[in-house]
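Take a look at the letters that make up each chain.
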Amino acid sequence: MDSISGYTVVYRKEKIFRIWLSWEPLVFLWNPETVERVLSNNFLLEKSTQYKFLHPWLGTGLLTSDGPKWRTRRKLL
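Note that this is a predicted model, so its numbers are computed, not measured.

Caption draft 1: Local environment of the overall build of the protein chain. Check the secondary structure of the protein chain and you find 4 helices and 2 strands. Taking all 77 residues of the protein chain together, the buried fraction comes to 13%. Taking all contacts inside the protein chain whose residues are at least 6 apart in sequence as the whole, residues at least 24 apart take part in 11%. A total of about 6900 Å² of accessible surface is found on the protein chain, and carbon and sulfur atoms cover 61% of it.

This is how it looks when you write it as structure tokens:
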């Protein structure tokens, strides 16, 4: 946590940074405008591979589905 806190100081102007944890990138955002731009973008709707481990328990509902199936279920809610 100290390292992440240090990165927020270093990248104070950009308000976004990425670190790699093994082979997985972790992206940190702390500016509301940046978070809104990322969450409102419909370009990347694929879930990461970790969600596949939830399929046996949760099926392919809103949490674990992606693409057209996710979009349809999201609109229903």
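Caption draft 2: Main features of the side chain of Thr-64. You can see Thr-64 is positioned in the loop between helix 3 (55–58) and helix 4 (67–76). Exposure remark for Thr-64: the relative accessible area of 5% places this residue in the buried category. Residues in contact with Thr-64, not counting those within four places in the same chain, are Lys-47, Tyr-51, Leu-54, His-55, Leu-58 and Gly-59.

Caption draft 3: Examining unusual backbone geometry more closely. Even without glycine at this site, Ser-22 takes up a positive phi of about 65°. Its place among the elements puts Ser-22 in the loop between strand 1 (16–21) and strand 2 (24–29). In this structure Ser-22 comes out as exposed when scored by relative accessible area, which is 58%.

Caption draft 4: Looking closely at the pairing of strand 2. In this sheet, strand 2 lies alongside strand 1 in antiparallel orientation, the contact comprising 6 bridges. The residue bridging Leu-21 from the neighbouring strand is Glu-24, located in strand 2. Count of turn residues in the strand 1/strand 2 antiparallel hairpin: 2 residues, of which Ser-22 carries a positive phi of about 65°.

About the thresholds
The residue numbers shown here count from 1 along each chain, following its written sequence. Since the coordinates come from a predicted model, pLDDT governs what is reported: local features require at least 70, and pairs of side-chain atoms require 80 or more to be given and counted, while whole-chain, interface and lining totals use all residues. Side-chain measures here rest on the full set of heavy atoms in the structure, leaving out hydrogens and waters. Numbered from the N terminus, helices here are DSSP runs of H or I no shorter than four residues, and strands are runs of E no shorter than two. Residue exposure (1.4 Å probe, protein chains only): buried if accessible area is under 20% of the type maximum, exposed if over 50%, otherwise partly exposed. Any pair of residues with heavy atoms lying within 4.5 Å of one another is described as a contacting pair. The accessible surface values rely on the Shrake-Rupley method and a 1.4 Å probe; as for residues, cover is taken only from the protein chains in view. DSSP-based pairing: two strands are paired if at least 2 bridges between them are found.

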